[in-house]
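Coordinate analysis (summary)
Chain residues, written in single-letter form:
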Protein chains: 2
Amino acid sequence: MAQDMTLLWGSGSPPCWRVQIALEEKNLQGYNQKLLSFEKMEHKSQEVLDINARGQLPSFKHGDVIVNESYAACFYLESQFKSEGNKLIPDSPAEQALTYQRMFEGLTFYEKLNAVIYYDWFVPEGERHDSALKRNREALATELKLWEGYLQKLGPGSHLAGPFFSLADVTVFPTVATLFRFGLSAEHYPNLGEYYALLKERPSIKASWPPHWSENPKGQDTLKDI
Amino acid sequence: MAQDMTLLWGSGSPPCWRVQIALEEKNLQGYNQKLLSFEKMEHKSQEVLDINARGQLPSFKHGDVIVNESYAACFYLESQFKSEGNKLIPDSPAEQALTYQRMFEGLTFYEKLNAVIYYDWFVPEGERHDSALKRNREALATELKLWEGYLQKLGPGSHLAGPFFSLADVTVFPTVATLFRFGLSAEHYPNLGEYYALLKERPSIKASWPPHWSENPKGQDTLKDI
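The rules behind each value
Residues numbered from 1 in each chain as written. Chains lettered and ligands numbered in written order. Predicted model: local features only at pLDDT ≥ 70, side-chain atom pairs only at ≥ 80, totals over all residues. Heavy atoms only, no water. Helix = DSSP H or I, 4+ residues; strand = E, 2+ residues; numbered from the N terminus. Contact = heavy atoms within 4.5 Å. Lys, Arg positive; Asp, Glu negative; His and termini not counted. Charge placed at Lys NZ, Arg CZ, Asp CG, Glu CD. Expected span 1.5 Å × (residues − 1). Bend = angle between axes of the 7 residues up to and from the residue. Buried < 20%, exposed > 50% of the residue type's maximum accessible area, 1.4 Å probe, protein only. Least-squares fit on C-alpha atoms with pLDDT ≥ 70 in both. Domains from an automatic or database assignment. Buried area = accessible area lost by both parts, 1.4 Å probe. Salt bridge = Lys/Arg side-chain N within 4 Å of Asp/Glu carboxyl O. Polar contact = N/O pair within 3.5 Å; in protein donor to acceptor, adjacent residues only side chain to side chain. Nonpolar A, V, L, I, M, F, W, Y, C, P; charged D, E, K, R; others polar.

With an unreviewed UniProt entry as reference, chain A is termed Glutathione S-transferase rho, source organism Sander lucioperca.

On to the overall build of chain A, then. Each helix and strand counted, chain A has ten helices and four strands in total. Residue pairs at least 24 apart in sequence account for 71% of intrachain contacts in chain A once pairs closer than 6 positions are excluded. In chain A, 23 positive and 29 negative side-chain charges are present, and the distance between their average locations comes to 2 Å.

All names here are of chain A. In this model helix 7 (residues 167-181) runs 22 Å from its N-terminal to its C-terminal C-alpha over 15 residues, within 8% of the 21 Å that 1.5 Å per residue would give. Maximal helix bending in helix 7 amounts to about 35°, located at phenylalanine 173; proline proline 174 follows within four positions. With 15 of its 15 residues buried, helix 7 lies for the most part within the structure. Just beyond helix 7, the residue with positive phi is glycine 183, at close to 95°.

Right, let's talk about helix 3 (residues 70-80) of chain B for a bit. Residue pairs three or four apart in sequence face the same way in an α-helix, which turns once every 3.6 residues. Taken across its eleven residues, helix 3 of chain B has nine buried, putting it largely inside the fold. When we look at burial in helix 3 of chain B, the residues that qualify are Ser70(B), Tyr71(B), Ala72(B), Ala73(B), Cys74(B), Phe75(B), Tyr76(B), Leu77(B) and Glu78(B).

Both copies of the chain are placed relative to one another by a rotation about an axis and a shift along it. With an axial shift of 0.0 Å and an RMSD of 0.0 Å, the rotation relating chain B to chain A amounts to 180°. Viewed as a symmetry operation, the transformation between the two copies matches a two-fold axis. Minimal C-alpha distance to the rotation axis in chain B is attained by Glu127(B), lying at 3.7 Å.

All names here are of chain A. Each domain of chain A was delimited in the assignment, giving domain 1 (2-80) and domain 2 (93-215). When each unit is reduced to the centre of its C-alpha atoms, the spacing between domain 1 and domain 2 is 21 Å. Contacts between the two partners involve 16 residues from domain 1 and, on the opposite side, 25 residues from domain 2. Taking both sides of the interface into account, the surface hidden between domain 1 and domain 2 amounts to around 1800 Å²; carbon and sulfur atoms contribute 73%. Across the contact surface, domain 1 and domain 2 share one salt bridge. A salt bridge links arginine 202 to glutamate 25, with the shortest nitrogen-to-oxygen separation between them at 2.7 Å. Viewed at the interface, domain 2 and domain 1 are joined by six residue pairs in polar contact (both at pLDDT 80 or more). Elements represented by at least two residues in the side of domain 1 that touches domain 2 include exactly helix 1 (14-25) and helix 3 (70-80). Ranked by the residues each element gives to the side of domain 1 that touches domain 2, the list is headed by helix 1, at nine residues. Looking at side-chain class alone, the side of domain 1 that touches domain 2 contains ten nonpolar, three polar and three charged residues.

Set out below in structure tokens:
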């Protein structure tokens, strides 16, 4: 069933990782895949542009159906393979609402992370300001406190929308893992630290762990004091 | 059924408008609502903070269920009221994939619009650069050409994901309407112009048209040359 799927992806990209986790959770192993290099600008290669006019990864194809946006691919896979693997959107109104709510807050979380760790990449040299980076770091700290509080309220061993694993975890865990890869302190954020430790042992996540993180387990310390 | 729903919203906010359109499409008229003023900072009032820690609009409650992120609320309403009003997510894999794909590209579209029309609002005075605003305008123009092409390919009278109205229109139409409110030229972008003209006559959209736009039909000309 997964033989007619193709994923073009880059290592360590949270959007790519979301789709990989979703594929694992839905038991869709065996799909065609190709690891491309952002450094070599392979996301702008003809192979990508043929299915993704934006020249971005992930680029995902299922038969003739193209669905490149990572959240779109996650919703598509859950909907089209509802009875395969793990159910990722709960039915109960309260659990479902919280799953959706955290998924979409997750986009803000991801944006605030990027605005700190990739500040120099996003902002050309002549336009950088210490005041802006400082504000971005403060905004990320505020965001982190929100998520720390969400997990605190749900109690030990929780996932992002409750006791169950859901699309909220599929989409937001890669952001959390990136935070720790960039030096976030589990002492400062104990609930996020516990969540990270729990989820990184999950089979779907282990199976899709960014290969360049495995090859070089030492990350950066950009976020150690945040 | 809608009597146990409450929407706190602001006029002209695309995220609020998305939820209003979804409620209309699902025949959930009669919900409680309160129009708040961004200018008076009412989105930071206790009434909002009680259900939305981020102090943002929309803030939406259904019984005890809180779901504030606009995309989350749209998914929630479609899922919980699947058989009410209009079906907003098609079942066919290709149509569903395109609906999801355009919905999530819509977030990029909205972001690129905001980076131009609210540049001075987002960037403090000492950090503004003509080069950045120029780049943002070019990025918006590139984005506009993509959407113009999508509509061109689907043919006259199309909606964003095909001949049918879907969650892609619910979530992206408010961005398109804001573009024209800020002076976008239908001569430069004829397919977007036609789409805008078609959709603004739709009952759900007429019923939720931003009241301050109706009171003062003249918008701005920020985007007239883009």
